[in-house]
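# Overview (structure and organization)
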Amino acid sequence: MVKNLNRAFKPKRVAIIGASPDPAKIGHQVIKNIIEGGYKGEIIPINPKADNILGVKVHKSLNDVPEGVDLAVIAIPAPLVQAAMEECARRKVGAVAIITSGFAEVGKAAEELKLKKIADENGIALLGPNIFGLAYSPERLNASFGPKDIYPGKIAFITQSGALGIGLMGWTAMKKIGLSALVSIGNKADIDETDLIEYFNKDNNVNVQLLYMEGIKNGTKFMQTRIEKPTVVLKVGRSTRGAQAAASHTGSLSGSDKIYDGAFKQIGMLRASTFIEAFSWARALSQPLPKGEDTVIITNGGGIGVATTDECEVQGIKILDDPQWLEAKFRPTMPDFGSTKNPIDVTGGAGVDGYRRALKIAFAEERIKSVIVLYCETAVTDPMDIAAAVNAAFQEAGRNKPVVVAMVGGERTRDALVYLNEKFIPASSLVDVSISALKIIYTWAEIKNRPQTKPVLEQAPAEVHKIIAAVKGQGREILMEHEARQVMELCGVPTPQWGFAQSSAEAIKIADYKNMYPLAMKIASPDIVHKSDVGGVVLNIRDGKELKDRYEAMMTRLQKECPKAKLLGVNLIQMVNGIECIVGITTDAQFGSAVMFGLGGVFVEALKDVTFRVVPFDEAEAGRMIGEIKAKKILDGFRGMKADKASIIKTLTAVQKLAPLVKEIDINPLLTNENGSYAVDARIVLK
Ligand code: COA
């Protein structure tokens with residue numbers, strides 16, 4: 001049955017099951033908040049004993065009121081909740097918010113499932129259990145046991161943590177961070193973050209969403225979330241405990257948090273690292289989006305201008321750099337000793353008029369795509385006047401481009417910052433906070449402008465399935481080197497020239513035919529894992545004669561040293577040079593298969609310079625993975641080394657075909673040079 005979250009957020013009638021006259025009880029606080037919050041709909045307290053709570057007539061049960069209550073908030077002990085839920089179903093309640101704790105979070109998953117079943121069978125949107133309630137400021141609905149007041153605004157805050165959510169409810173009000181909705185999702189028996197984001201996508205009262213999460217239950221569903229509005233996520237629990245058991249590089253480097261990180265990027269969520277950052281971004285994202293890169297910095301101080309310029313460089317914000325043009329436009333706004341070089345320094349004595357003139361030009365000029373305003377408090381200006389001038393210029397220009405402000409000073413400055421934030425202009429006393437806010441606006445603009453695609457997972461060719469079936473038939477779960485190479489080649493992963501030979505004559509024939517010199521020769525044996533340790537690897541073989549000698553020497557030696565090993569032949573691989581990268585697949589408990597890319601070779605463990613994406617993803621996403629690693633500069637071209645990005649992208653997309661069949665893959669190294677990329681070695685572990 002279809003669930004309708006309007007019944008939860010825009011209810012006409014709200015029942016509180018467990019409303020109590022006792023102020024010490026949660027059921028009392030909920031009804032008190034609903035009344036004092038100014039909710040205009042019908043309030044229906046349910047309690048078998050009380051007659052009147054806070055002046056509202058109490059009903060003994062839902063049976064005593066006309067059916068079709070929109071929202072019922074349940075705050076009675078856990079053993080009584082199922083019966084209350086059944087009553088809600090009989091009385092056609094649309095949405096239920098279960099505050100009560102004592103379900104899956106304490107191991108009582110079966111009891112929770114029963115609630116979910118009732119909700120599903122009756123089309124009830126179920127929030128919780130184990131939540132502090134919900135609030136929706138456009139309806140003046142505060143059905144929570146948090147603080148009474150919410151500062152109204154356009155941010156929807158969805159929180160998995162209860163106590164923290166309650167705390168932040170008060171904090172946002174104090175900081176004048178405007179919320180339209182505040183939802184506690186607790187155990188997420190039914191409604192989860194994806195459902196709420198989908199709902200708020202269509203809600204004009206919401207501009208920005210902020211999600212606090214500890215983990216998700218269903219990665220596949222989460223990856224389907226459509227992010228239509230800027231969505232900031234604060235995910236805690238960055239530990240890599242889960243990865244310790246994994247044997248491969250890819251597994252040990254993943255730690256599910258890195259996969260979360262990739263997943264957020266993939267669906268277009270903006271991951272913040274701290275609460276301050278999350279709320280500062282959420283507030284900033286109400287700003288208009290920039291229509292290009294170039295920014296100008298308007299300041300009354302040189303030092304703060306330099307600090308901001310540095311920060312822009314760190315964050316990758318492009319400062320408009322055209323001295324002549326800037327001189328022509330901004331010189332008339334300032335005294336002779338001012339600087340037009342960007343930062344536009346209107347000087348310490350400029351006063352509010354200097355700011356006004358510079359701001360007018362900054363907002364009017366098409367070439368300028370965003371504006372950073374800096375101010376150090378001086379005796380000649382009132383910070384509030386500067387703040388008012390920024391707001392006026394922004395409004396008069398029709399809010400046509402983003403603006404952020406950083407102001408340093410005393411109490412008057414603090415008031416000016418509050419004023420600006422109330423006007424939805426991101427303003428802070430810290431330059432890095434303001435610049436990070438501008439950066440997130442740019443990031444969101446880039447995400448928003450991406451073409452919307454729905455990646456599809458391509459099947460591996462039938463031949464691959466055959467090889468894998470044969471390996472499994474032999475009771476193995478790890479592919480031998482030549483099998484791994486074959487499988488990759490069939491899927492379209494670029495590999496160096498290679499061949500498999502069972503005699504020296506055959507080896508020479510293959511090497512000549514494929515023009516493979518110089519080449520590496522490696523023993524093929526299911527019984528020898530560490531090939532180099534037993535002399536099973538020879539590098540840089542230059543011609544047929546050397547190949548013959550080395551082949552025979554290797555076989556004689558290994559027959560003697562590893563008498564029990566089955567020697568099947570040798571793998572011949574063309575030697576290639578290039579930057580060492582790593583590509584892998586790992587299987588994550590939440591998200592399923594994820595592909596990893598990063599810098600490989602000896603640095604892989606130490607630097608952990610890798611990034612992940614959840615399968616499936618397309619070429620554009622693969623390109624973004626390459627742009628994300630710290631070693632990006634080396635890939636772009638460094639001291640004669642350069643990556644062939646197109647073939648890395650091809651590798652990252654092609655390897656996904658194997659995802660449904662494997663538990664892990666490590667392609668290490670994937671060598672890349674200007675001419676292409678080559679999967680030199682691969683370890684494939686089957687499901
Ligand atoms: N229908 C309506 N009211 C009922 C009822 C029913 N079927 N059964 C009991 N009540 C009434 C009780 O009589 C009581 O009212 P009273 O004060 O007039 O006697 C009221 O509901 C509450 O029941 P009570 O037994 O007093 O429970 P409580 O208030 O001590 O605890 C919870 C109830 C839900 C608060 C508690 O079980 C709980 O889960 N606490 C944790 C909540 C939490 O932290 N959630 C997560 C936050 S993030």
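Here the structure is a predicted model, which means the values were calculated and not measured. (Residues numbered from 1 in each chain as written. Predicted model: local features only at pLDDT ≥ 70, side-chain atom pairs only at ≥ 80, totals over all residues. Heavy atoms only, no water.)

### Quick word on unusual backbone geometry
Residue Pro343 is reached from Asn342 by a cis peptide bond, and omega for that bond is 5°. Within the element layout of this structure, Pro343 appears in the loop between α11 (323–330) and β16 (344–345). The omega angle of the peptide bond from Tyr517 to Pro518 is -10°, so this bond is cis rather than trans. Mapped onto the fold, Pro518 is located in the loop between α18 (504–514) and β21 (519–524). A positive phi angle is found at Arg399, which is not glycine, with a value near 45°. (Helix = DSSP H or I, 4+ residues; strand = E, 2+ residues; numbered from the N terminus.)

### Considering the pairing of strand β6 (residues 95–98)
A regular strand places its side chains so that they alternate between the two faces of the sheet. Residues Ala95 and Ala97 of β6 are buried on one face, and the alternating residues Val96 and Ile98, pointing to the opposite face, are buried as well. Here strand β5 (residues 71–74) pairs with β6 via four bridges, running parallel. Bridged to Ala72 within β6 is Val96. Of the crossover connections in this fold, the one passing from β5 over helix α3 (residues 81–90) to the parallel β6 is right-handed. As paired elements, β6 and strand β7 (residues 125–127) share three bridges and run parallel to each other. Counted as the bridge partner of Val96 is Leu126 from β7. Handedness of the crossover is the feature at issue here: the chain leaves β6, passes through helix α4 (residues 109–122), returns alongside β7, and the resulting connection is right-handed. (Buried < 20%, exposed > 50% of the residue type's maximum accessible area, 1.4 Å probe, protein only. Pairing = 2+ DSSP bridges. Right-handed = clockwise from strand over helix to strand, strands pointing away.)

### Description of the packing of helix α21 (residues 619–628) against helix α23 (residues 645–654)
Running from N to C, α21 and α23 point in directions that differ by 120°, and their axes come no closer than 9 Å. In this structure, the crossing between α21 and α23 has a hand that is right-handed. Residue-level inspection shows Glu619, Ala622, Gly623, Met625 and Ile626 of α21 in contact with α23, the latter providing Lys645, Ile648, Ile649, Leu652 and Thr653. The residue makeup of the contact of α21 with α23, split by class, is six nonpolar, two polar and two charged. (Axes fitted to C-alpha atoms, helices over the stretch in contact; angles between N-to-C directions. Left-handed = near helix turned anticlockwise from the far one by under 90°. Contact = heavy atoms within 4.5 Å. Nonpolar A, V, L, I, M, F, W, Y, C, P; charged D, E, K, R; others polar.)

### Considerations on the environment of Met334
Tracing the chain through its elements places Met334 in the loop between α11 and β16. With near-sequence residues (within four places) excluded, Met334 lies in contact with Ser339, Thr340, Ile344, Asp345 and Val346.

### A short note on the pairing of β5
Residues of β5 alternate between two faces, with Leu71 and Val73 on one and Ala72 and Ile74 on the opposite face, all of them buried. Here four bridges tie strand β1 (residues 13–17) to β5, and the two strands are oriented parallel to one another. When the bridges of β5 are listed, Ile17 appears paired with Ile74.

### Quick word on the site of the ligand
Surrounding the ligand, one finds 22 residues, the nearest of these being Ser20, Lys25, Asn47, Ile99 and Ser101. With respect to the ligand, the side chain of Lys25 contributes an N or O atom lying 2.7 Å from an oxygen atom. In this structure, an oxygen atom belonging to the ligand sits 2.8 Å away from a main-chain N or O atom of Ser101. Coverage of the ligand by the protein amounts to 72% of the 960 Å² it exposes when considered alone. Partitioning the shell around the ligand into residue classes produces 13 nonpolar, seven polar and two charged. (Near = heavy atom within 4 Å. Polar contact = N/O pair within 3.5 Å; in protein donor to acceptor, adjacent residues only side chain to side chain. Areas by Shrake-Rupley, 256 points an atom, 1.4 Å probe, with all protein chains shown as cover.)

### Focus on the packing of aromatic side chains
According to the stated counting rule, one finds 13 aromatic pairs in the structure shown. Where Phe157 meets Phe279, the ring centres are 5.4 Å apart and the plane angle is 75°; that geometry is what we call edge-to-face. Of the two residues, Phe157 sits in strand β10 (residues 152–159) while Phe279 sits in helix α9 (residues 275–284), which places them 122 residues apart along the sequence. With respect to burial, Phe157 and Phe279 carry one shared label: buried. Aromatic rings pair up to connect Phe9, Tyr136, Tyr199 and Phe200 into one cluster. (Phe/Tyr/Trp six-rings, centres within 6.5 Å; stacked < 30°, edge-to-face > 60°.)

### Some words on the nonpolar core
Counting 83 residues, the largest nonpolar core has Phe9, Leu71 and Phe200 as its most contacted members. Non-local contacts of Phe200, meaning those with residues more than four positions away in its chain, are made with Phe9, Ala156, Ile158, Ala181, Val183, Val206, Gln209 and Lys229. Formed by 43 residues, the second largest nonpolar core is a distinct cluster that contains Met488, Val493, Leu661 and Leu686. (Core = buried A, V, L, I, M, F, W, Y, C linked by side-chain atoms within 4.5 Å.)

### Structural notes on the sheet that holds β21
Reading across the sheet, the four strands line up as β20-β23-β21-β22 and stay open at both edges, with antiparallel pairing between neighbours. Each end of this open sheet is capped by a strand with a single partner; those strands are β20 (498–501) and β22 (537–541). On average, each strand axis in the sheet is tilted by 20° relative to the strand beside it, whichever way the strands run. By the bridge criterion, four bridges tie β20 to strand β23 (residues 569–574) in an arrangement that is antiparallel. When the sheet's bridge partners are listed, Ala501 is paired in β23 with Val570.

### Some words on the packing of helix α16 (residues 462–473) against helix α17 (residues 481–491)
In contact at an axis separation of 9 Å, α16 and α17 are set at 160° when each is read in the N-to-C sense. When the axes of α16 and α17 are compared, the pair comes out roughly antiparallel. Taken as a pair, α16 and α17 cross one another with a handedness that is left-handed. Residues Glu463, Val464, Ile467 and Val471 of α16 pack against Glu483, Gln486, Val487, Leu490 and Cys491 of α17. (Parallel < 35°, antiparallel > 145°, perpendicular 65-115°, else oblique.)

### Re the sheet that holds strand β17 (residues 370–376)
Either a parallel or an antiparallel arrangement is found when strands of a sheet pair, and the pairing is made through backbone hydrogen bonds. Taken together, the five strands give an open sheet; going across it, the order is β16-β15-β17-β18-β19, and neighbouring strands pair in parallel fashion. Of all the strands in the sheet, the pair left with one neighbour each is β16 and β19 (427–428). Against the sheet, helix α13 (residues 383–396) engages β17 and β18 (403–408), with an angle of about 175° to β18. Its contacts with the sheet put helix α15 (residues 431–448) on β15 (295–299), β17, β18 and β19, and the angle it makes with β18 is roughly 175°.

### Here's the deal with the domain arrangement of the protein
Reports of interface size often rely on the accessible area that becomes lost once the parts have come together. Per the domain assignment, the segments making up the protein are domain 1 (6–284), domain 2 (295–448), domain 3 (497–574) and domain 4 (579–686). In this structure, domain 1 and domain 2 have C-alpha centres spaced 39 Å apart. Domain 1 puts 13 residues into the contact, and the matching count from domain 2 is 13 residues. Counting each side, the surface lost to burial between domain 1 and domain 2 is near 1200 Å², with a carbon and sulfur contribution of 69%. Our count for the contact surface shared by domain 1 and domain 2 stands at zero salt bridges. Run the count over domain 1 and domain 2 and you get three residue pairs in polar contact (both at pLDDT 80 or more). Broken down by element, the side of domain 1 that touches domain 2 gets its largest block of residues, five residues, from α9. Split by residue class, the side of domain 1 that touches domain 2 holds six nonpolar, two polar and five charged. (Domains from an automatic or database assignment. Buried area = accessible area lost by both parts, 1.4 Å probe. Salt bridge = Lys/Arg side-chain N within 4 Å of Asp/Glu carboxyl O.)

### Describing the side chain of Thr333
Mapped onto the fold, Thr333 is located in the loop between α11 and β16. The exposure class of Thr333 is buried, given its relative accessible area of 3%. At 2.6 Å, the side chain of Thr333 and the backbone oxygen of Phe330 are in polar contact.

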